[in-house]
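Residues per chain, in single letters:
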Amino acid sequence: LGLAASPWAPLAAASGYKQIRLFNTDTEEEIGHLLFEPGVPYVLKFSQNGAILMAAGGQPGHSGSVVLYDVKTGKVVGRFGDELDTVLAADISPDQKLVAFGGPGRIAKAYSTESGEEVYQIERHTDWVTSIAFSPDGTQVVAGSGGDGTIAKLWPVATGKVLKALRHGGGI
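Residues numbered from 1 in each chain as written. Predicted model: local features only at pLDDT ≥ 70, side-chain atom pairs only at ≥ 80, totals over all residues. Heavy atoms only, no water.

Engineer: Lay out the pattern of salt bridges in plain terms, naming residues and giving numbers.
Structural biologist: Close approach of charged atoms allows side chains of opposite charge to pair. Enumeration over the complete set of coordinates arrives at three salt bridges. Among the salt bridges present, the one from Glu 30 reaches Arg 21, with a minimum N-O distance of 2.7 Å. For Arg 21, a relative accessible area of 33% translates into the label partly exposed. Glu 83 is paired through a salt bridge with Lys 109; the nearest N and O atoms lie 3.1 Å apart. Taken together, the positions of Glu 83 in strand E8 (residues 76–83) and Lys 109 in strand E11 (residues 108–112) put the pair 26 residues apart, joining distant regions of the chain. In this pair, the class of Glu 83 matches that of Lys 109, namely buried. (Salt bridge = Lys/Arg side-chain N within 4 Å of Asp/Glu carboxyl O. Buried < 20%, exposed > 50% of the residue type's maximum accessible area, 1.4 Å probe, protein only. Helix = DSSP H or I, 4+ residues; strand = E, 2+ residues; numbered from the N terminus.)

Engineer: Tell me what's going on with the side chain of Asn 24, and back it up with residues and numbers.
Structural biologist: Of note, Asn 24 is situated in strand E3 (residues 19–24). Exposure remark for Asn 24: the relative accessible area of 18% places this residue in the buried category. Separated by 3.0 Å, the side chain of Asn 24 and the backbone nitrogen of Thr 27 make a polar contact. (Polar contact = N/O pair within 3.5 Å; in protein donor to acceptor, adjacent residues only side chain to side chain.)

Engineer: Describe the packing of aromatic side chains, and please don't skip the residues or the numbers.
Structural biologist: Enumeration according to the criterion identifies two aromatic pairs in this entry. A centroid spacing of 6.1 Å and a plane angle of 55 degrees characterise the contact between Phe 80 and Tyr 111, whose relative ring orientation is tilted. With Phe 80 in strand E8 and Tyr 111 in strand E11, this pair connects stretches of sequence that are 31 residues apart. Seen in terms of ring centroids, Phe 101 and Tyr 111 are 5.5 Å apart; in terms of plane orientation they differ by 20 degrees. Their pairing is stacked. (Phe/Tyr/Trp six-rings, centres within 6.5 Å; stacked < 30°, edge-to-face > 60°.)

Following this line, the structure appears as structure tokens:
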């Protein structure tokens, strides 16, 4: 399940059922928890500046979404996707303006964190989307899938059009 460490504070987050447990990494003490109503948070990631904690997951075969939390207050600042299955892969852009995610639905999606609207979909995967990441400069996104023989699909953030498909014999 999900595990993440803040890039700027002695803070770690760990998945639990319908919750995210928070730990002080200096003292190793549990310092609190956040509710994750969609189900199990399979993916946890802090934003590049450490201000946002992204959690993605849900209930397999039932529902899934991505939730953003303000690290200082613990309040939900965004919820994206209303999937029919759990979210298995997700990332937040370095500028915190986009969230990209995917899962068993075989589609990678990008949502604006400002408007809450879907920006685009990448529908070319023939198997589950199992990994997704923004480039460090935030200009590109890459998504990997299970066993469709394609290790990754790369696209520019600005267009949402697949730029490259890197072939591989197995899944990622």
